[in-house]
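Below are the chains, spelled out letter by letter.
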Amino acid sequence: MAKHCSFRVGGIAQDFFTPNTLNELSDFLKSNQKPILMLGLGSNLLVRDRGFLGVAIKLTQLNQLGVENGIVQADAGVTLAKLSRFCGSQGLNGAEFLSAIPGSVGGALAMNAGAFGFEIWSSVESVTTINTLGKVFKRSVTEFNIAYRKVAPQHKDEYFISASLRFSQTNKQQNIKALLKKRNDSQPIGEANCGSVFKNPPNNFAAKLIEDSNLKGFCIGGACVSSKHANFITNQDNATADDIENLIKHIQQTVKSMYDISLETEVVII
C-alpha cells in the first residue's frame, strides 16, 4: 500500500482492484466477500505496516468530468486540481480552493475536504453512491450530516462514486497560481506527507498548538513534524507506519498535557 498512499508507507493488501467503469465496480462488489478499502489518491490515509486483510479498490479510473446547465458532474477519481482547472475553463467561480488540496473527489466528499475557509460540501447538489452489494443510489445533501472535516451518512456501507456540484460564486476567490504559491510557501510540498494530520480544535489551530509545544522538527524513527508547518508529518527517512502513528500519539499526549486540548486526527488510519 506504500505505492498508493502519499505517506509512502503501508503494508500489503490481500487483494487489489482498479475498476475501469462503474459497471465493473458494481459487478465486482456483487461477488466480493472481503472487507473493502476504497482508495483515491491515498492522500489522507495511513495504512499500518501489517497491511489490510481485504481488497483495496482504487477508483482513479472513474474520472469522467463534465458540465451541463451550470452543474458540474465529477466522478470520484477526478483529482481536485483537475476539477478546479476545469471549472475555471468553464467560467465557473468558487472551485479555486480545490487546487490546493492533493486529493480526489471521492475522498474530498468522504471527509468534507476544504482549504482557505472553503469546503467542498458547500457546493454539492447531490451525490451518487454504491453499496457493498454493488447497488447504485442517487443521494441528496439532506441524507448526510455535514460538519467540519466530517460527513456522516444516514445509510451504511455506501461509497461515493460521483457528485453533482454547483459553483455559483460571482467572483473568483483568488487566482489559482496565487493559492498554489501560498500553499507551497507554507507547506512541505515535495515531501511524503498526508496533508494536515489533525483537525483544528474549536477556536484554535492544531499547527499553533504543536509549534507552541516545541515539537516542530521532532522525529520518531523516520517520521518528523515538519519544520515548515507543524500540522504536517513527513516521511523523511524511510519511516514505517508505526513511526508515524507513534509520532501522532506523542503529539496528542504532549498537547493534551500542556493545554488540556485533545487533537483529533484528520488522517484516516487503517
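What counts and how
- Residues numbered from 1 in each chain as written.
- Predicted model: local features only at pLDDT ≥ 70, side-chain atom pairs only at ≥ 80, totals over all residues.
- Heavy atoms only, no water.
- Helix = DSSP H or I, 4+ residues; strand = E, 2+ residues; numbered from the N terminus.
- Expected span 1.5 Å × (residues − 1).
- Buried < 20%, exposed > 50% of the residue type's maximum accessible area, 1.4 Å probe, protein only.
- Core = buried A, V, L, I, M, F, W, Y, C linked by side-chain atoms within 4.5 Å.
- Contact = heavy atoms within 4.5 Å.
- Pairing = 2+ DSSP bridges.
- Axes fitted to C-alpha atoms, helices over the stretch in contact; angles between N-to-C directions.
- Phe/Tyr/Trp six-rings, centres within 6.5 Å; stacked < 30°, edge-to-face > 60°.
- Domains from an automatic or database assignment.
- Buried area = accessible area lost by both parts, 1.4 Å probe.
- Salt bridge = Lys/Arg side-chain N within 4 Å of Asp/Glu carboxyl O.
- Polar contact = N/O pair within 3.5 Å; in protein donor to acceptor, adjacent residues only side chain to side chain.
- Nonpolar A, V, L, I, M, F, W, Y, C, P; charged D, E, K, R; others polar.

**Considerations on helix α6 (residues 241–259)**
Right, on to step 1. Compared with an ideal rise of 1.5 Å per residue, which puts 19 residues at 27 Å, α6 spans 27 Å between its outermost C-alpha atoms and is within 8% of the ideal.
Right, on to step 2. Taken residue by residue, α6 has Ala241, Asp243, Ile244, Glu245, Leu247, Ile248, Ile251, Thr254 and Val255 as its buried positions.
Right, on to step 3. Positioned one or two residues after α6, Asp260 has a phi angle of 55°, which is positive.

**Some details on the nonpolar core**
Right, on to step 1. Core analysis: the biggest nonpolar cluster contains 28 residues, and Leu83, Leu98, Leu109, Trp121 and Leu165 have the highest contact counts within it.
Right, on to step 2. At the level of secondary structure, the elements contributing two or more residues to this core comprise β6 (71–75), α2 (80–89), α3 (105–111), β9 (124–131) and β13 (158–165).
Right, on to step 3. When near neighbours in sequence (up to four residues on either side) are disregarded, Leu165 contacts Gly70, Ile71, Val72, Ala74, Leu83, Ile120, Ser123, Val124 and Glu125.
Right, on to step 4. Among the nonpolar cores identified, the runner-up in size contains 24 residues, and Val9, Ile233, Ile244 and Ile251 belong to it.

**Things to note about the sheet that holds β9**
Right, on to step 1. The antiparallel open sheet is built from 5 strands, whose spatial order is β5-β6-β13-β9-β10. Among the strands making up the open sheet, the edge pair consists of β5 (65–68) and β10 (136–140). Across this sheet, the average inter-strand angle for adjacent strands is 25°, counted without regard to direction.
Right, on to step 2. In this sheet, β13 lies alongside β9 in antiparallel orientation, the contact comprising 7 bridges.

**Some details on the packing of aromatic side chains**
Right, on to step 1. If you walk through the whole model with that rule in mind, you get 5 aromatic pairs.
Right, on to step 2. Residues Phe97 and Phe118 carry aromatic rings whose centres are separated by 5.7 Å and whose planes lie at 25° to one another, so their mutual orientation is stacked. Taken together, the residues Phe97 in the loop between α2 and α3 and Phe118 in strand β8 (residues 118–119) connect sequence positions 21 residues apart.
Right, on to step 3. According to the relative accessible area criterion, Phe97 is buried, its value standing at 1%.

**Comments concerning the domain arrangement of the protein**
Right, on to step 1. We note that the domain assignment places domain 1 (13–58), domain 2 (65–165) and domain 3 (190–269) within the protein.
Right, on to step 2. Placing the centre of domain 1 and that of domain 2 at their C-alpha centroids yields a distance of 20 Å.
Right, on to step 3. Listed by partner, the interface residues are 11 residues for domain 1 and 13 residues for domain 2.
Right, on to step 4. Here domain 1 and domain 2 share an interface that buries about 920 Å² over both sides, 71% of which is from carbon and sulfur atoms.
Right, on to step 5. At the junction of domain 1 and domain 2, the tally comes to 0 salt bridges.
Right, on to step 6. Our enumeration of links across domain 1 and domain 2 arrives at 2 residue pairs in polar contact (both at pLDDT 80 or more).
Right, on to step 7. When contributions to the side of domain 1 that touches domain 2 are tallied by element, the ones reaching two or more residues are α1 (22–31) and β2 (36–39).
Right, on to step 8. Among the elements that make up the side of domain 1 that touches domain 2, the one with the highest residue count is α1 (5 residues).
Right, on to step 9. Residue composition of the side of domain 1 that touches domain 2, by class: 6 nonpolar, 4 polar and 1 charged.

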